[in-house]
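As a plain string of letters, each chain reads:
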Amino acid sequence: MTVNKHLQATDAEIAEVEMDRKFEELYDGIESLDDRIANRIGDLTFRQEDVESSIDNAQEDIIDLNSEVVELRETVEDLQDTIQELQDKLEELTDG
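These remarks concern the structure in this document. (Residues numbered from 1 in each chain as written. Predicted model: local features only at pLDDT ≥ 70, side-chain atom pairs only at ≥ 80, totals over all residues. Heavy atoms only, no water.)

**With respect to a nonpolar patch on the surface**
Okay, so step 1: The grouping of L33, I37 and I41 at the surface amounts to a nonpolar patch, some 280 Å² of accessible area in total.
Okay, so step 2: Locating L33 in the fold gives a position in helix α1 (residues 2-95).
Okay, so step 3: The class of L33 is partly exposed, set by a relative accessible area of 44%. (Patch = residues over 30% accessible without salt bridge, like charges linked within 9 Å, V, L, I, M, F, W, Y side chains within 5 Å. Areas by Shrake-Rupley, 256 points an atom, 1.4 Å probe, with all protein chains shown as cover. Salt bridge = Lys/Arg side-chain N within 4 Å of Asp/Glu carboxyl O. Helix = DSSP H or I, 4+ residues; strand = E, 2+ residues; numbered from the N terminus. Buried < 20%, exposed > 50% of the residue type's maximum accessible area, 1.4 Å probe, protein only.)

**What about the pattern of salt bridges?**
Okay, so step 1: In total, this model carries two salt bridges according to the counting rule given.
Okay, so step 2: Its salt-bridge partner being E18, residue R21 comes within 2.2 Å of it at the nearest N-O pair. On the criterion of helical spacing, the pair formed by R21 and E18 is a turn pair, its members being three residues apart in helix α1.
Okay, so step 3: In this structure, E25 engages R21 in a salt bridge whose closest nitrogen and oxygen atoms are separated by 2.3 Å. Of this pair, E25 and R21 both sit in helix α1, four residues apart, which is roughly one turn of that helix.
Okay, so step 4: Using a relative accessible area of 37% as the deciding quantity, one classes R21 as partly exposed.
Okay, so step 5: Taken together, the shared-partner salt bridges connect E18, R21 and E25 into one network.

Here is the structure:
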């Protein structure tokens, strides 16, 4: 009976060691997943910041282009006025 109790204790110890090993495997797996998730979040954050920066740059470019369009329209209007003045003078010279 003493040997049987000793074997039972050994079985219990083996079961406990096996549970500890499984717990460590699970914990290591969770740590690994946590690391992978943290890395993925870091990658996505970097990409998001890159996209936001690109959007900001594009918006600035659009503002600059709009300003250039306004300036070009004013130049075209000035040229149209100059052409009209020249046409008026040409008419005066040819009629006069």
